[in-house]
Amino acid sequence: MKSSIRALAQLILENIDILEADCAQRHADEPSLQEPFKPGSGFATDRPEVRKASSIIAAAAQQLAQAVRAPEVNLMTTAYAHTFAAGIRVAVEFHIADILQEAGPEGLHLKDIASTCNADPVKLGQVLRLLVSTWIFKEVKPDVFANNRNSSVMVKGLPAAQLFSSPEIKYSQPESAMAALLACIGDECLKGASCMYETLSDPSTAFSGEGKDAALCRAFGTKKPIWEFFDEPEQRDRVHRFGIGMKAAATFQPMELTIQGFDWGSLKKDSVVVDVGGGIGTLSVALAKKFPHLKLVVQDRGPVVEDGLERTSIDFPEGLESGRLSFQEHDFFKTNPIKNADVFMAKYVMHDWSDQISVEILKHLREAATPNTKLILLDKIIPHMCPSSELEESAIDISVPGSLKPDVPEPIIHMSGNGHMSSMVVMAFCNGQERTLSSFVKVCADAGWKVSEVFMHDAFGHYISQILAIPV
Ligand SMILES: C[S@@+](CC[C@H](N)C(=O)[O-])C[C@H]1O[C@@H](n2cnc3c(N)ncnc32)[C@H](O)[C@@H]1O
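Residues numbered from 1 in each chain as written. Predicted model: local features only at pLDDT ≥ 70, side-chain atom pairs only at ≥ 80, totals over all residues. Heavy atoms only, no water.

**Student:** Any chance you could explain the environment of L11 here in plain terms?
**Tutor:** Tracing the backbone through its elements, the reader meets L11 in helix α1 (residues 4-25). C-alpha separation for the pair L11 and K141, spaced 130 residues apart in sequence, amounts to 36 Å. Leaving out residues up to four positions away in the same chain, L11 has contacts with I56, P409, E410, P411 and I412. (Helix = DSSP H or I, 4+ residues; strand = E, 2+ residues; numbered from the N terminus. Contact = heavy atoms within 4.5 Å.)

**Student:** Looking at this structure, I do not really get the pattern of salt bridges. What am I missing?
**Tutor:** Note that side chains of opposite charge can pair when their charged atoms are close. Applying the stated criterion across every chain yields a total of 24 salt bridges. The partner of D187 in a salt bridge is K191, with the nearest N and O atoms 2.6 Å apart. Here D187 pairs with K191, and both are found in helix α10 (residues 177-194), just 4 residues apart, close to one helical turn. Several salt bridges share partner residues, and in doing so they unite R89, E93, K170, D187, E188, K191, R238 and R241 into one network. (Salt bridge = Lys/Arg side-chain N within 4 Å of Asp/Glu carboxyl O.)

**Student:** Honestly, the nonpolar core in this entry has me stumped. Any pointers?
**Tutor:** Inside soluble globular proteins, nonpolar side chains tend to come together where they are buried. Of all hydrophobic cores here, the largest spans 34 residues; its most connected members are F344, L362, L375, L377, W449, V451 and V454. Where this core is concerned, the elements lending two or more residues are β4 (272-276), β7 (343-347), α20 (355-368), β8 (374-380), α23 (437-446), β9 (449-455) and β10 (464-471). Ranked by residues supplied to this core, first place goes to α20 with 6 residues. Beyond its immediate stretch of four places on either side in the chain, L377 contacts A346, M350, L362, F440, C444, S465, Q466 and I467. (Core = buried A, V, L, I, M, F, W, Y, C linked by side-chain atoms within 4.5 Å. Buried < 20%, exposed > 50% of the residue type's maximum accessible area, 1.4 Å probe, protein only.)

**Student:** Can you help me understand empty space enclosed by the protein in this one?
**Tutor:** Empty space among the atoms becomes visible once a probe the size of a water molecule is rolled across them. Enumeration according to the criterion identifies 1 cavity of 30 Å³ or more in this entry. Estimates place the volume of the largest cavity at around 110 Å³. In this structure, the largest cavity is lined by 14 residues; those nearest its centre are I382, P383, D397, L404 and P406. Residue composition of the lining of the largest cavity, grouped by class: 10 nonpolar, 2 polar and 2 charged. (1 Å grid on protein atoms, 1.4 Å probe; cavity = no way out; pocket = protein on both sides within 12 Å on 5 of 7 lines; lining within 4 Å. Points joined across faces, edges and corners; volume = space filled by probe spheres on them. Nonpolar A, V, L, I, M, F, W, Y, C, P; charged D, E, K, R; others polar.)

**Student:** What is the right way to read the site of the ligand from this model?
**Tutor:** The ligand sits among 14 residues. The nearest are G277, D300, D331, F332 and K347. At 2.7 Å from an oxygen atom of the ligand is found a side-chain nitrogen or oxygen belonging to D300. For the ligand, an oxygen atom lies 3.1 Å from a polar atom in the side chain of R301. Isolated, the ligand exposes 590 Å² of accessible area, and the fraction of that covered by the protein chains is 78%. By residue class, the composition of the shell around the ligand is 5 nonpolar, 4 polar and 5 charged. (Near = heavy atom within 4 Å. Polar contact = N/O pair within 3.5 Å; in protein donor to acceptor, adjacent residues only side chain to side chain. Areas by Shrake-Rupley, 256 points an atom, 1.4 Å probe, with all protein chains shown as cover.)

By themselves these figures say nothing about function.
As structure tokens, then:
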């Protein structure tokens, strides 16, 4: 019988050939885990075959580890994952990567690190060694730590002394976005997740799709939906950090990739594209720059619109002055005031809401749509985790034009899905969810829209997809 673990190892080697060939072609060195990250080092993730090879290697290596260890060890290792989130937050809040960046490759003794951040060296040593065990930081000599490739990405771009003396500006530099996101994961996300079981089992919240009944609200002891709770003055630092942290998302999903799919160029001159829940207008600004023949209207809640106008008047004033881009305060739980939209688009909006509430939002767009209006939802499409041969039965997932089947080479059982992690996070935050394609089709149908095509970059929910629907 062919050994499954050997087949996994062979698959890893075959795909390593692809990565090595890519490095050779670009005359680039293979990235080293032990050295701090240098921009431009690493594998070319803008090339689809390289992205695919690296995903297959990661999935095969993870499955190999699961296959060779006892089930008890696998379960314990996974269940203990919260220690990593907690440890990373400690490292971010104590500015450890920033301290170690100043120390350089020789590293710094634990007692000096601990005295800089006024922490107990024994306790801090426990945190750092845990993180080293998962390839974040390195211990160069006993009790001497230095940055490695992963930890170096946690620096915030300011001298460590300034980070300690002026905490209010710790997330002021663009490179601090990753640190902000990691601190948010170790704070709001971890606390919300810790109340998940109680929230799913308590009859008063178990079947509710309301944001106020989400796990994070229980964790913070509030009766308000999390975004209203975050409007409270004491939560200002969290809101600020969350906003900066979201910018780190661009590292995983460049805007170029987000826009790719629907043929925006095919829309006639002056076509009206409405960015529903468009935030500060990041997607609309990118579209307006690339497709100057379109008229983009960003709709959001009042304070967000104010923020968007302020930022856009600095980043893209010509868009506002020419009238190509505008902002409008609008509550998407009311009928949309724009009745001549060529496109209603909504990026990362549906995943914040339960099915019932999503249908309500989409119905309001349907009411305002003309027979020719298109709806484009930009969200992750998460895969079912069953063998793709089983998807023949639930044909909806593969019958929509453009849908990708999550084919994985044998003997990989499935690819790891960060979409499933973000689904848990939005559930904890606001009773939201990432969706499979069949769930999108159903939610759209219940609101009077028919999904006619999808544009996907991968079949595993790693990247945002575009779901195109037309009125029925
Ligand atoms: C996850 S953010 C996505 C923002 C933007 N589309 C993007 O991708 O950057 C969801 C957006 O929905 C907005 N939102 C929430 N409730 C809303 C409502 N009732 N009416 C309009 N916008 C709302 C939020 O203010 C926020 O900007």
